[in-house]
Amino acid sequence: MIRNKISMLVGGEAGAGISRSGLLFAKSCLRGGLCVFGANDYQSLIRGGHNFYTVRACEEEIYSQADKTDLLIALNKETVLLHKNELVSGAGIIYDKEEFSINPEDVESKDVKLYHVPLRKIAKELTGPQIMENTVALGAATALLDYDLTILNEVLQDTFKEKVAQQNMEAAKRGFNYVKENYGDNFGYKLEKTKLAGSKRIFLTGNEAIGLGALNAGCKFYAAYPMTPATTILHFLAPLDREYKMVVIQTESEIAAINMVTGASYAGVRAMTATSGGGFSLMAEAIGMAGMTETSPVIVLVQRPGPSTGLPTYSSQTDIRFAIHVSQGEFPRIVIAPGDVHECFYSTVEAFNLAEKFQMPVIIISDKYLSESNATAEQFDQNRIGIDRGQLITEQEYRQEEEYMRHRITETGVSVRAIPGIRGAIVRTNADEHNELGYTTEDPVLTKKMNDKRFRKMDELIKEMENYETVKLYGPKNADVTIVGWGSTKGPIREAMKIINKNGKCVNFLQIVYLCPFPTNKIEEQLKSAKMTIAVENNKTSQLSGLIQENLLMTVDHKILKYDGRPFDPEALAKQIMEVL
Amino acid sequence: MVSLNDLRTPKTNTWCPGCGNFGILMAFKKALIETGIEREDAVMVSGIGCHGKIVNYVNINGFHGIHGRVLPTAQGIKLANPDLTVIGFAGDSDQYNEGWGHFAHAVRANVDMTLIVHDNMVLGLTTGQATPTSQQGFKSKSTPFGVIPPMLNPIAHALVSDATFVARGYSGDMFHLKNLIVEAIKHRGFAFIDVFQPCVSFNYLNTYAWFSKRVYKLEDENHDVTDHKKALKKALEWGDKIPIGIFYKKERPIYSDSLSQVKDENLTKLSKQNIDITSAMKEMM
Ligand SMILES: Cc1ncc(C[n+]2csc(CCOP(=O)(O)OP(=O)(O)O)c2C)c(N)n1
Ligand code: SF4
């Protein structure tokens, strides 16, 4: 009997509520005190096709999806056909044989248990909507795993309005009872509450964590145009705008969004937008404008495979170069690459502080896998990073000794910021090269001075960055091999490390969190003693290796690259790393 | 109260002598004085082109942005701080070419701001190419055989997009234009003024003489500014007689009327305290 360790996959057509059911099951595991990871795989279509959601629950901490399935909820036959090779020996399939049959040769694996539950019939008896089939299946799964149905009921109650919750609870109960009556304790997996049950942990996606970070940082203006996989930030913030005193706007385009956000930032509020590659391309010019006008928009770039519109609903890490070089001309910017939901939250708060302190655009780069997978987190420490608005004078503080200069040339490059409206201060800025007062200039001496001024901020920033976790090392200091990576590969890499270390090999992982300014010194410190280095990235050209080479004159020894739109599977990754070792 | 002197800036004006922009500049300054708005309470936003330089010539808050993006930038400023009076200045290519996509949406959204388009029917700063308001057949550096499509009609477009203030001015009639700008600033909602602005360097066709001979004032005909149908009819008038003045005006809720979160709080006043996100985390448990 395997206790408290399960990898469940629910699959079916788009529109059948696949990710919702996965999420409900995941939450019921979370509330029972388990660590949970949920990943959503769907196609760019609204109905039909094949969608699946994987839930991995475990007592120890987990960082990614697994590539093996212990329990499969198959709402259609395709799910069985597509995932049969992932089934472990002893796995179970919940399905409805009145809807489709499973031939033994469909599940070639020697030892797979088939659990027929009349999902459709039960759902129909209750209310009719086919969508409840998945809740019946969840009840069935709960019974198979000998888990506590009341936890699932609580989740249903908290998720749905009363009447719908009641219907769903009834559906879950019938599924549960059917399994108990027909199959007893025949399944080899069991879930039970742990001592963490009832703790206040949360289960959220990277995009939700970014949204929470923005709220916590006092973001007051969010403008965006829908583009997968960035859209869910808009969906998350829109219903909260009144409660959190924030303006949330769906604009006519990404160009409008970034210009609005930059205008709002000039006006003195913290402002953010999010998009994916195509939208980011459209924003390029205005990001340069933010650099030139020294305003502070925060831009979230959620990558998906490209070029062009690529694979809209899948994942990739192909836009580092694009982010750090975006827009014509030279100007300082910050690019942060969080690798898990914690970092999504804290990086976002940091992003707003840095943007305002250094008066430059900040780009948070993430990807589909991170943005739409759910992970368990302790409730975020809301006070860990305070609000630091940098050199911002308030109405009361402003002393009109001399004319206010928005772009005053200072030693640090940072000019004291006044927001329009303050008595006595005229706040003028300019996308053209300008003098200290913000008036257009074409003077060669001033042009150089202003360029130098803007780049002095970068020097200051680099100094300040010494105190930040711009890189993180996981695993022992000395290892046979050092993996370097960034962003969402962090999860699969950490899972792979567990597997490798169990095999007696010693690896560590250097996560690069800040891509611009590039933490050259810190990376060098770690890499110069490394015996062997491997870059792991979801792109074809190993963009990170390129940056390391460029900045450190150091070649990464091996590259493990995956660019099929899917995240790394920890086990396959571990195998690839061990092959290199 | 501001005086002309307060509005003066140290920047040397680089517009061509005789350019229609001067009339708009002076009309705007006078309008500011007349409305009594303090310099700190107004923000001018401009695009890129000859017109865009106007930010250099008026000593009030200013954001000289990028080509075609006056509207979203200005809307962002206004929504972030509704206490500010926001006036956008755009060129005809700036707004009707590059920024056209923003136009219909700004009109619909009815954010409380003013947009003044310097319509010289030519691209000035890039040395004289055709714009959407260049007349059919207009010969320019980019259209040596004459402009092929018909003119774009921004007034009519604004009207059919449910605009709440639509006007046309002429920089050769500065006093009239000043009054329009005052009305536009006072209007609660998105106020749009297309301004005929002769370009003395590149537009040989639509000159002061050409406009002066043709323009007539809607108010002289007792035009009813609440009559939408009539306004549309007037918008389609072109030729020997071209109307200027307010075509149409109405009240409609402004964008922020539906935003309870900005009703009594200026969003710029963010305290240094962290914001409690506990309730936003509830759904995640
Ligand atoms: C994105 C972009 N495209 C092109 C240009 C080049 N450009 C500079 S000014 C201008 C247009 C000027 O025409 P208009 O908006 O009519 O203003 P005017 O100069 O006539 O006042 C253009 C196209 C630019 N600055 N940015
Ligand atoms: S080119 Fe035309 S629009 Fe530009 S300053 Fe000269 S006259 Fe005015």
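Before reading further, recall that the structure is shown in the block above.
Okay, so let's go over this structure. Each chain carries its own residue numbering, running from 1 in the direction its sequence is written. All chains are assigned letters beginning at A, and all ligands numbers beginning at 1, according to the order in which they are written. Totals for whole chains, interfaces and linings use all residues, but because this is a predicted model, local features are given only for residues with pLDDT of at least 70 and pairs of side-chain atoms are given and counted only at 80 or more. Only hydrogens and water are set aside; all other atoms, that is, all heavy atoms of the structure, feed into the side-chain values.

### Observations regarding the overall build of chain B
Secondary structure assignment for chain B yields 10 helices and 8 strands. Restricting the calculation to C-alpha atoms gives the radius of gyration, and the globule rule supplies 2.2 Å times the number of residues raised to the power 0.38. In terms of overall dimensions, chain B is globule-like: its C-alpha atoms have a radius of gyration of 20 Å, near the 19 Å expected for 285 residues. Taken over the C-alpha atoms alone, chain B extends approximately 70 × 45 × 40 Å along its principal axes. Within chain B, the fraction of its 285 residues that count as buried is 60%. Only heavy atoms enter the contact rule, under which two residues are in contact if any of them lie within 4.5 Å. In chain B, 71% of the contacts between residues at least 6 apart in sequence involve partners at least 24 apart. Of the accessible surface of chain B, which amounts to about 11,000 Å², a share of 55% is contributed by carbon and sulfur atoms. The charge count treats Lys and Arg as positive and Asp and Glu as negative. His and the chain ends do not count. Charge coordinates come from a single atom per side chain, which is NZ of Lys, CZ of Arg, CG of Asp or CD of Glu. On chain B, the mean spot of the 30 positive side-chain charges and the mean spot of the 28 negative ones are 5 Å from each other. A run of H or I in DSSP becomes a helix once it reaches four residues, and a run of E becomes a strand once it reaches two; helices and strands are each numbered from the N terminus. The buried label goes to any residue with under 20% of its type's maximum accessible area, the exposed label to any with over 50%, and the partly exposed label to all in between, with areas taken from a 1.4 Å probe on protein chains only. Areas reported here follow the Shrake-Rupley algorithm with a probe of radius 1.4 Å; residue values treat only the protein chains shown as occluding.

### Regarding the pairing of strand 8 (residues 242-249) of chain B
Residues and elements named next belong to chain B. The buried fraction of strand 8 amounts to 7 of the 8 residues, a majority that puts the element mostly inside the structure. Two strands are said to pair when DSSP picks up at least two bridges between them. Inspection of the sheet shows strand 5 (residues 165-170) paired to strand 8 by 4 bridges, in the antiparallel sense. Its bridge partner lying in strand 8, Ala167 is registered against Ile246. By the bridge criterion, 3 bridges tie strand 7 (residues 215-217) to strand 8 in an arrangement that is parallel. Residue pairing in the sheet places Tyr216 in a bridge with Pro243 of strand 8. When the strands point away from the viewer, a crossover counts as right-handed if the path from the first strand over the helix to the second runs clockwise. In this fold, strand 7 hands off to helix 9 (residues 228-235), which returns the chain to strand 8; that crossover is right-handed.

### Re the sheet that holds strand 5 of chain B
Strand order in the open sheet formed by 9 strands is 19(A)-2(B)-1(B)-3(B)-4(B)-6(B)-5(B)-8(B)-7(B), and the pairing between neighbours is mixed. The open sheet terminates on both sides in strands that have one partner only, identified here as strand 19 (428-430) of chain A together with strand 7 of chain B. The sheet shows a mean angle of 20° between the axes of neighbouring strands, taken without regard to direction. Relative to strand 6 (residues 191-196) of chain B, strand 5 of chain B is paired through 6 bridges, and the arrangement is parallel. Each bridged residue has a counterpart across the sheet, and for B:Gly169 the counterpart in strand 6 of chain B is B:Val195. Note on method: axes are straight lines fitted to C-alpha atoms, helices fitted across the in-contact stretch only, with angles between N-to-C directions ranging 0 to 180 degrees. Its contacts with the sheet put helix 9 (residues 254-266) of chain A on strand 19 of chain A together with strand 1 (42-46) and strand 2 (61-64) of chain B, and the angle it makes with strand 2 of chain B is roughly 155°. The strands touched by helix 9 of chain B within the sheet are strand 7 and strand 8 of chain B, with strand 8 of chain B carrying the most contacts at an inclination of about 155°.

### Points about unusual backbone geometry
Residue and element names in this part refer to chain A. The linkage connecting Gly306 with the following residue, Pro307, adopts the cis geometry, with an omega of 0°. Phi angles above zero are rare outside glycine, and Asn4 is one such case at about 50°. In this structure, Ser308 takes a positive phi of about 55° despite not being glycine. Its place among the elements puts Ser308 in the loop between strand 13 (298-303) and helix 11 (320-325).

### Side note on the site of ligand 1
Within the structure, ligand 1 sits among 17 residues, and B:Cys50, B:Asp92, B:Asp94, B:Asn120 and B:Gly124 are positioned closest to it. Near ligand 1, residues from chains A and B are present, making the site a shared one. Per-element accounting of the shell around ligand 1 gives the leading share, 4 residues, to helix 4 (residues 92-98) of chain B. Its residues assigned to classes, the shell around ligand 1 shows 5 nonpolar, 8 polar and 4 charged. The criterion for a residue being near a molecule or strand is simple. One of its heavy atoms has to lie within 4 Å of it. Ten residues, namely Ala, Val, Leu, Ile, Met, Phe, Trp, Tyr, Cys and Pro, are considered nonpolar, four, namely Asp, Glu, Lys and Arg, are considered charged, and the remaining ones, Gly among them, are considered polar.

### Notes on the sheet that holds strand 4 (residues 48-58) of chain A
All names here are of chain A. The strand order across the open sheet formed by 8 strands is 7-6-5-2-4-3-16-9, and the pairing between neighbours is mixed. Looking at which strands have only one partner, the edges of the open sheet turn out to be strand 7 (113-116) and strand 9 (202-205). Across the sheet, the mean angle separating the axes of adjacent strands is 20° when strand polarity is ignored. Two elements, strand 6 (residues 87-95) and strand 7, share 4 bridges in a ladder whose sense is parallel. From the neighbouring strand, Ile93 faces strand 7, where its bridge partner is Leu114. Against the sheet, helix 1 (residues 18-31) touches strand 2 (5-14), strand 3 (35-41), strand 4, strand 9 and strand 16 (374-377), its axis set at about 5° to strand 4.

### Observations concerning the nonpolar core
What we call a nonpolar core is a set of buried Ala, Val, Leu, Ile, Met, Phe, Trp, Tyr and Cys residues that are connected through their side-chain atoms within 4.5 Å. Ranked by size, the top nonpolar core spans 161 residues in total, and within it A:Leu212, A:Phe221 and A:Met272 carry the most contacts. Here the element with the most residues in this core is helix 12 (residues 341-358) of chain A; it accounts for 10 residues. Look past the residues within four positions of A:Leu212 in its chain and what remains in contact with it is A:Leu204, A:Phe236, A:Phe345, A:Phe380, B:Ile277, B:Ala280, B:Met281 and B:Met284. Counting residues in each nonpolar core, the second largest holds 63 residues, with A:Val10, A:Leu87, A:Met132 and A:Leu145 among its members.

### Some thoughts on the packing of aromatic side chains
Ring pairs are drawn from Phe, Tyr and Trp, using the six-membered ring of Trp, whenever the two centres fall within 6.5 Å, and their geometry is named by plane angle: stacked under 30 degrees, edge-to-face over 60, tilted for the rest. Counted by the stated rule, this structure contains 26 aromatic pairs over all chains. With a centroid separation of 5.2 Å and 85° between ring planes, the pair formed by A:Tyr266 and B:Phe63 is classed as edge-to-face. Within this pair, whereas A:Tyr266 is found in helix 9, its partner B:Phe63 is found in strand 2, the two belonging to separate chains. B:Phe63 matches A:Tyr266 in its accessibility class, with the two residues each being buried.

### Comments concerning the packing of helix 9 of chain A against helix 3 (residues 70-80) of chain B
Where helix 9 of chain A meets helix 3 of chain B, the closest approach of the two axes is 7 Å, and the angle between their N-to-C directions is 45°. It follows that helix 9 of chain A is oblique to helix 3 of chain B by the angle criterion. The two elements helix 9 of chain A and helix 3 of chain B meet at a crossing, and its hand is right-handed. On helix 3 of chain B, the residues that touch A:Ala256, A:Asn259, A:Met260, A:Gly263, A:Ala264 and A:Tyr266 of helix 9 of chain A are B:Pro72, B:Thr73, B:Gln75, B:Gly76, B:Ile77 and B:Ala80. The class makeup of the residues in the contact of helix 9 of chain A with helix 3 of chain B is 7 nonpolar, 5 polar and no charged. We call two directions roughly parallel when the angle between them is under 35 degrees, roughly antiparallel when it is over 145, roughly perpendicular when it lies between 65 and 115, and oblique otherwise. The handedness criterion is simple: a crossing whose near helix is rotated anticlockwise from the far helix by less than a right angle is left-handed, and one whose near helix is rotated clockwise is right-handed.

### A word on the site of ligand 2
The environment of ligand 2 is made up of B:Trp15, B:Cys16, B:Cys19, B:Cys50, B:Asn120, B:Gln197, B:Cys199, B:Val200, B:Ser201 and B:Phe202. Residue classes in the shell around ligand 2 are distributed as 7 nonpolar, 3 polar and no charged.

### Concerning the pattern of salt bridges
By definition, a salt bridge exists where a carboxyl oxygen of Asp or Glu is found within 4 Å of a side-chain nitrogen of Lys or Arg. Counted under the stated rule, the structure contains 44 salt bridges over all chains. When the shortest N-O distance is used, the salt bridge between A:Glu495 and A:Lys498 registers 3.4 Å. Of the two residues, A:Glu495 and A:Lys498 both sit in helix 15 (residues 490-502), 3 residues apart, roughly one turn of that helix. A relative accessible area of 4% means that A:Glu495 is categorised as buried. A relative accessible area of 22% places A:Lys498 in the partly exposed class. Of the charged contacts, one joins B:Glu98 and B:Arg69 as a salt bridge, the two residues approaching to 3.7 Å between their closest N and O atoms. With B:Glu98 in helix 4 and B:Arg69 in the loop between strand 2 and helix 3, the pair connects residues that are 29 residues apart, well separated along the chain. Take B:Glu98: its relative accessible area is 42%, and that puts it in the partly exposed class.

### Describing the interface of chain B and chain A
If you look at the interface, chain B gives 57 residues, while chain A gives 70 residues. For the pair chain B and chain A, the two sides together bury roughly 5,300 Å², of which 59% comes from carbon and sulfur. Considering only the side of chain B, the residues that lose the most area to chain A are B:Asn274, B:Met284 and B:Met285, jointly responsible for 14% of the buried surface there. Applying the counting criterion to the chain B and chain A interface returns 2 salt bridges. Its salt-bridge partner being A:Arg423, residue B:Asp41 comes within 2.4 Å of it at the nearest N-O pair. In protein, a polar contact requires one atom able to donate a hydrogen and another able to accept it; more generally it is a pair of N or O atoms within 3.5 Å, and residues adjacent in sequence count only if both atoms are side-chain atoms. At the junction of chain B with chain A, the criterion picks out 28 residue pairs in polar contact (both at pLDDT 80 or more). Buried area counts how much accessible surface, traced with a 1.4 Å probe, disappears from two parts once they are put together, with both parts' losses summed.

Honestly, that's just the spatial picture; any functional story needs more than this.
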